[in-house]
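# Inside the fold
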Amino acid sequence: MADEPHLTHLDATGAANMVDVADKAVTDRVAVAEGAVRMQAATLDLILSGNAKKGDVIGTARLAGIMAAKRTHELIPLCHALLLSKVAVEIEPDSALPGLIVRATVRTSGQTGVEMEALTAVSVACLTVYDMAKAVDRGMRIEAVRLLEKSGGRSGHWQGE
């Protein structure tokens, strides 16, 4: 029965609790997450021109994503505070959306993974794009925030479709 899937943040009574990672091995861990902000083509052009009223949208969103990854444990109640060795947030225009693709890669060497940090970085970077461009396009949509890949730990490597 121990190998059956179960929710790790619930105890035997169903109460939420923080997972005890004390007996887990320290391993190198990496997670990659991605999301998108879909917008009008004119909004994307404005962002890429660097003439948005609030300033450098892409640079600000990148910094917001990095800062968010570092504070994930303060935002999500049962996440562990982690010493992150690397947070990279890449934001690329995609004229086919039209919009921006946001990807975060987070690394640590520790006893628990960094999936939540990568997902938080993407989410906050996307929200920052929305905040900075909402004056010209309130219809923007944040879409497809998801984990793409994780490695390290007992479960090893996982890659989404």
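The shown structure was predicted, so the numbers you read here are calculated from the model rather than taken from an experiment.

### Thoughts on the overall build of the chain
A tally of regular secondary structure across the chain gives four helices and five strands. When the backbone C-alpha atoms are referred to their principal axes, the chain occupies close to 55 × 30 × 30 Å. Here the contacts in the chain between residues at least 6 apart in sequence split such that 70% fall between residues at least 24 apart. A total accessible area of about 9500 Å² is found for the chain, and carbon and sulfur atoms account for 55% of it.

### Quick look at helix α2 (residues 57-70)
Its 14 residues give α2 an end-to-end C-alpha distance of 20 Å, which sits within 8% of 20 Å, the value for a rise of 1.5 Å per residue. Here α2 has its buried residues at Val57, Ile58, Gly59, Ala61, Ala64, Gly65, Ala68 and Ala69. Structurally, α2 contributes buried residues whose contacts are with α1 (41-49), α3 (72-75), β2 (84-94), β3 (99-110) and α4 (115-133).

### Let's talk about a nonpolar patch on the surface
Nonpolar side chains collect at one region of the surface, where Leu127, Ile142 and Val145 lie side by side and expose about 230 Å² of accessible area between them. The residue Val145 is located in strand β4 (residues 141-151) in this model.

### Focus: the sheet that holds strand β1 (residues 27-38)
Here we have five strands laid out as an open sheet, ordered β2-β3-β1-β4-β5, and antiparallel in their pairing. Looking at the sheet topology across the chains shown, the edges are occupied by β2 and β5 (158-159). Of the strand pairs in this sheet, β1 and β3 are connected by twelve bridges, and their pairing is antiparallel. Bridging from a neighbouring strand, Val32 pairs with Thr105 of β3.

### Brief notes about the nonpolar core
Of all hydrophobic cores here, the largest spans 29 residues; its most connected members are Met39, Ile47, Val89, Ile91, Leu100, Val102 and Val129. Counting only elements with at least two residues in this core, the list comes to β1, α1, α2, β2, β3 and α4. By residue number, the principal contributor to this core is α4, which donates eight residues. If we skip the residues at most four places from it in the chain, Val129 touches Val37, Met39, Ile47, Val57, Ala61, Leu100 and Met140.

### Re the pairing of β2
Sheet analysis places β2 next to β3, joined by ten bridges and oriented antiparallel. If you follow Ile91 over to β3, its bridge partner there is Val102. Here β2 folds back onto β3 in antiparallel fashion, the turn holding four residues.

### A look at the environment of Ser95
Counting through the fold element by element, Ser95 comes out in the loop between β2 and β3. What makes Ser95 exposed here is its relative accessible area of 66%.

Conventions used here
Residues numbered from 1 in each chain as written. Predicted model: local features only at pLDDT ≥ 70, side-chain atom pairs only at ≥ 80, totals over all residues. Heavy atoms only, no water. Helix = DSSP H or I, 4+ residues; strand = E, 2+ residues; numbered from the N terminus. Contact = heavy atoms within 4.5 Å. Areas by Shrake-Rupley, 256 points an atom, 1.4 Å probe, with all protein chains shown as cover. Expected span 1.5 Å × (residues − 1). Buried < 20%, exposed > 50% of the residue type's maximum accessible area, 1.4 Å probe, protein only. Patch = residues over 30% accessible without salt bridge, like charges linked within 9 Å, V, L, I, M, F, W, Y side chains within 5 Å. Salt bridge = Lys/Arg side-chain N within 4 Å of Asp/Glu carboxyl O. Pairing = 2+ DSSP bridges. Core = buried A, V, L, I, M, F, W, Y, C linked by side-chain atoms within 4.5 Å.

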